[in-house]
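Single-letter residue listing:
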Amino acid sequence: VGSSQAGLKFRGPAGTPRAPDPALVAEAIRYCEAYLDQVHHPAEDVLYRQLVETGKMARRFAATLWAQHAEMERLTADLCRLWNNTTATGGPTPAALETLARYVMANWDHMRHEETIVFPWVEQAMSQEDWNAVMDQMTPPEDPLDRNDQGYPRLVAALASAGACHPGDASTDGKAG
């Protein structure tokens, strides 16, 4: 099952096409809602505010990143609402699958942008004083997957068996990156 718009395909361990596991997707959505939307992105927002306040990042650039975080939170809520209906409807609806595909691709594009452009630049721009100011404003976010949180057993197992591959990797859609 895939999304023609986003090109997302679901594959089993042998690379054969299959429908997504609704329970696994529900667990992943809960993780994104609890960690990405409530902990990780707000922590990044503190960092970006510090850069804007010290004149090291243009407010317009930070606003783009903040808008992406808000859009992903909105997509998470949409996906949660649609995916919660999968049990009642006997499986994911086309709208739920399309929203899932948009959500995955939006997150992947956002992460790629931050990891290849934003974060390398941040490392160069931030002084120790800047980092201290950021750390004074927050508790460093702790990813529940890093501590093998028991609240996400299917997600941990799926990531481990997939080698933590991302959309676009050979094990996800059958094509190289």
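This is a predicted model, so every value here is computed, not measured. (Residues numbered from 1 in each chain as written. Predicted model: local features only at pLDDT ≥ 70, side-chain atom pairs only at ≥ 80, totals over all residues. Heavy atoms only, no water.)

What follows covers the overall build of the protein. Along the backbone of the protein there are seven helices and zero strands. Listed by position from the N terminus, the elements making up the protein come as α-α-α-α-α-α-α. Going through the 177 residues of the protein one by one, you find that 34% of them count as buried. The long-range fraction of contacts in the protein, counting pairs at least 24 apart against all pairs at least 6 apart in sequence, stands at 67%. Accessible surface for the protein amounts to roughly 9900 Å². Of this, 56% is attributable to carbon and sulfur atoms. (Helix = DSSP H or I, 4+ residues; strand = E, 2+ residues; numbered from the N terminus. Buried < 20%, exposed > 50% of the residue type's maximum accessible area, 1.4 Å probe, protein only. Contact = heavy atoms within 4.5 Å. Areas by Shrake-Rupley, 256 points an atom, 1.4 Å probe, with all protein chains shown as cover.)

Moving on: the environment of H69. As for its placement among the helices and strands, H69 is situated in helix α2 (residues 59-84). Taking C-alpha positions, H69 is 6.3 Å from H41, a pair spaced 28 residues apart along the chain. Residues in contact with H69, not counting those within four places in the same chain, are H41, E44, D45, Y48, H110 and E114.

Before going further, it helps to spend a moment on the nonpolar core. With 18 residues, the main nonpolar core has I29, Y31, L79, W83 and Y103 as its most contacted residues. Of all elements in the fold, only α1 (22-53), α2 and α4 (94-125) reach the threshold of two or more residues within this core. Ranked by residue count, the leading element in this core is α1, at seven residues. Ignoring sequence-local partners within four residues, the contact set of Y103 consists of C32, L36, M72, L75, T76 and L79. (Core = buried A, V, L, I, M, F, W, Y, C linked by side-chain atoms within 4.5 Å.)

Here we come to the confidence of the model for the protein. Here the protein averages 80 in pLDDT, and 79% of its residues register 70 or above. Ranking the helices and strands of the protein by mean pLDDT puts helix α5 (residues 128-136) first, with 92, and helix α7 (residues 170-173) last, with 35. Between residues 1-6, whose pLDDT stays under 50, and residues either more than four places distant or in other chains, the model counts 16 contacts. Under a pLDDT of 50 for its full length, residues 165-177 has, in the predicted model, 26 contacts with residues more than four places off or in other chains. (pLDDT = per-residue confidence, 0-100.)

On to the packing of aromatic side chains, then. In the structure shown here, the tally under the stated rule is two aromatic pairs. Measuring from centroid to centroid gives 5.6 Å for Y31 and Y35, while their planes differ by 25°, and the two rings are stacked. One end of the pair is Y31 and the other is Y35, both in helix α1 and four residues apart, which spans about a single turn. Of the residues examined, Y35 reaches a relative accessible area of 7% and is grouped as buried. With 5.5 Å between their ring centres and 85° between their planes, Y31 and Y152 make a pair best called edge-to-face. Residue Y31 is found in helix α1, and its partner Y152 is found in the loop between α5 and α6 (153-162); the two are separated by 121 residues along the sequence. This pair shows no difference in class: Y31 is buried, exactly as Y152 is. An aromatic cluster of at least three residues, connected via ring pairs, comprises Y31, Y35 and Y152. (Phe/Tyr/Trp six-rings, centres within 6.5 Å; stacked < 30°, edge-to-face > 60°.)

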